[in-house]
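# Coordinate analysis (summary)
This is what each chain is made of:
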Amino acid sequence: MKRNKKLITLILLVLLCLGLAVTGSVAAYNKTSFVKRVITTKSGSSELRFSSNYLSHMRQGDSYPQKVIRISGAGLSVGVTVCNYPQSDITKFSSEDITFDLTVKLLDSALNPVTDSELISKIQVNNGPLKENFTTSKTLPGGKSSMELFNFVCTDASNLKDYSLRIEAIPTDTGMDRLGADLKLTSGEAMETAWDGGFGDDQKRLSKEYDAFNYVISGSAEGTVTLTVSDKIKISDFSFEELNATQTGNDISFHVGGEGKPTSYRLQFYRTTAIPADETWATVNGYITFKFEQSKANE
């Protein structure tokens, strides 16, 4: 009888040890999985802290997204930003410095690199002539919101219709995505006396996949734009400051056009409420009502 009791006790001890081993293994697995999830989230957040108003996140093998820039008459003026914070929230800046190389190439209508130095130099970058395979290195200081602005200006862009500026911002940190886009230059002659606006995001994707939206306005005539914005979205601080806008209730108003002024803006809006279950792009397009009033002296 005593032998049986000893045998039963021994079996129970073995089973208990096995149970602890399995529990320990499961706990270790769960802890490792949790750490991996945190690292992934941190990496994704870090990449969002390297952003631009026109350039999109790109990885190896990605094709260059195309953004349309309107040539006003014969003139071109567009400002491209590179920031250390998400476009939707200027307060979520990177804690570390971000160093990057900005490269610019002029492409013809077939997307072949242009080698005509005289034609290339017609475009100014921050008051200096654009050159073939243009590159400049910049650092965004961490610990505060930082932004580099690159102004592209051409007083006579009549020969550049359907050409593109291929712009890339390549971080020295290889763990971060680069930013890039082809800015296609198109004629705005048909709408020289008006501005218009619309959401510039890929509408092949569901609107519910976006936490924030890009809203693009373009034109050339001098006047005032008023955006009546739904309570479901809010303009980013950077976009508001870039426009030097004023706000009354849901109406955001700002002056546009005039000699030497940009002919397009890419504005960022982020969500302020939960995403409606039945939301579609038709719903989103109704979040902003666009109105342009031309200055009387220019009518």
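Preceding this section is the structure that the text describes.
Described below are features of the structure shown in this document. (Residues numbered from 1 in each chain as written. Predicted model: local features only at pLDDT ≥ 70, side-chain atom pairs only at ≥ 80, totals over all residues. Heavy atoms only, no water.)

## Brief notes about the pairing of strand 4 (residues 98–107)
Selection rule: In this scheme, a residue with accessible area under 20% of its type's maximum is buried, one over 50% is exposed, and one in between is partly exposed, where area comes from a 1.4 Å probe on protein chains only. Working definition: helices are DSSP H or I runs of at least four residues, strands are E runs of at least two. Numbering for both runs from the N terminus. Paired strands, in this sense, are two strands between which DSSP finds at least two bridges.
Most of strand 4 sits inside the fold, with seven of its ten residues counted as buried. Note that strand 4 and strand 7 (residues 134–140) share seven bridges and pair antiparallel. Considered in strand 7, the bridge of Thr99 is made with Thr139. Where strand 4 lies against strand 9 (residues 164–171), eight bridges are found, and the strand directions are antiparallel. Considered in strand 9, the bridge of Thr103 is made with Glu168.

## What to know about the sheet that holds strand 5 (residues 124–125)
Strand order in this open sheet of four strands is 3-8-5-6, and the pairing throughout is antiparallel. Whereas interior strands pair on both sides, the edge strands pair on one side only; in this sheet they are strand 3 (76–83) and strand 6 (128–129).

## A closer look at the side chain of Asn53
The cut-off we apply is this: Polar contacts here mean pairs of N or O atoms no more than 3.5 Å apart (in protein, one a potential hydrogen donor and the other a potential acceptor; neighbouring residues in sequence count only if both atoms are side-chain atoms). Any two residues whose heavy atoms approach within 4.5 Å at even a single point are treated as in contact.
Within the secondary structure, Asn53 sits in the loop between helix 1 (2–48) and strand 1 (56–58). One polar contact links the side chain of Asn53 to the main-chain amide nitrogen of Thr81, over a distance of 2.8 Å. In this structure, Asn53 is in contact with Gly79, Val80, Thr81, Gln87, Asn214, Glu242, Arg266 and Gln268, ignoring residues within four places of it in sequence.

## Re unusual backbone geometry
Excluding glycine, most residues fall at negative phi; most peptide bonds, likewise, are trans. Despite not being glycine, Leu111 has its phi angle at roughly 65°, a positive value. Of note, Leu111 is situated in the loop between strand 4 and helix 2 (117–120). Its relative accessible area of 39% is what places Leu111 among the partly exposed residues. Even without being a glycine, Asp162 presents a positive backbone phi close to 70°. Inspection of the secondary structure assignment puts Asp162 in the loop between strand 8 (147–154) and strand 9. Given the relative accessible area of 31%, Asp162 is considered partly exposed.

## Considering the side chain of Ser94
Secondary-structure assignment places Ser94 in the loop between strand 3 and strand 4. The class for Ser94 is buried, based on a relative accessible area of 11%. Here the side chain of Ser94 touches Glu96 through a polar contact of 2.9 Å, landing on its backbone oxygen. Ser94 has contacts with Arg49, Asn84, Gly142, Gly143 and Lys144, leaving out every residue within four places of it along the chain.

## Topic: the nonpolar core
Convention followed: We define a nonpolar core as any set of buried Ala, Val, Leu, Ile, Met, Phe, Trp, Tyr and Cys residues linked to one another through side-chain atoms lying within 4.5 Å.
If you look at the biggest cluster of nonpolar residues, it comprises 36 residues, and the most contacted ones within it are Phe50, Val82, Leu106, Phe152, Leu160, Leu165 and Ile167. For this core, the elements supplying multiple residues, two or more each, are strand 2 (66–71), strand 3, strand 4, helix 2, strand 7, strand 8, strand 9 and strand 10 (178–187). Sorting elements by how many residues they give to this core places strand 4 first, with five residues. With sequence-adjacent residues up to four places away left out, Phe152 is seen in contact with Leu76, Ser77, Val78, Val80, Val104, Ile123, Gln124, Val125, Leu165 and Ile167. Within the second largest apolar cluster, 25 residues are counted, among which are Phe199, Tyr215, Ala221 and Ile235.

## Some details on the sheet that holds strand 15 (residues 246–248)
Worth spelling out the cut-off: Only the contacting stretch of a helix is used when fitting its axis, a line to C-alpha atoms as for every element, and angles between N-to-C directions run 0 to 180 degrees.
Reading across the sheet, the four strands line up as 15-16-13-18 and stay open at both edges, with antiparallel pairing between neighbours. Each edge of the open sheet carries a strand with a single partner, namely strand 15 and strand 18 (288–294). Strand after strand, the sheet turns through a mean of 20° between neighbouring axes, direction not considered. Two strands pair when backbone bridges link them, and strand 13 (residues 223–229) and strand 18 are joined in this way by seven bridges, in the antiparallel orientation. Bridge pairing links Thr224 to Glu293 in strand 18.

## Considerations on the packing of aromatic side chains
Any pair of aromatic rings gets described here by the distance separating the centres and the angle formed by the planes. Test applied: Two rings belonging to Phe, Tyr or Trp (six-membered ring only in the last case) form a pair when the distance between their centres is within 6.5 Å. Interplanar angles under 30 degrees mark stacking, angles over 60 mark edge-to-face geometry, and anything in between is tilted. In our convention, an over-ring charge means Lys NZ or Arg CZ found within 6 Å of a ring centre and within 35 degrees of that ring's normal.
Tallying each qualifying case throughout the model produces nine aromatic pairs. With centroids separated by 6.5 Å and ring planes inclined at 80°, the aromatic side chains of Phe100 and Phe150 adopt a geometry described as edge-to-face. Highlighted residues: Phe100 in strand 4 and Phe150 in strand 8, separated in sequence by 50 residues. The class for Phe100 is buried, based on a relative accessible area of 0%. In this structure Phe150 comes out as buried when scored by relative accessible area, which is 1%. With a centroid separation of 5.8 Å and 75° between ring planes, the pair formed by Phe213 and Trp281 is classed as edge-to-face. Residue Phe213 is located in strand 12 (residues 212–219), and its partner Trp281 is located in helix 4 (residues 281–285); the two are separated by 68 residues in the primary sequence. The same class applies to Phe213 and to Trp281, which are both buried. Each residue in the set Phe199, Tyr210, Phe213, Tyr215, Phe269 and Trp281 is aromatic and connected to the rest through ring pairs, giving one cluster. Taking NZ or CZ as reference, Arg166 lies 3.9 Å from the ring centre of Tyr64, over its face.

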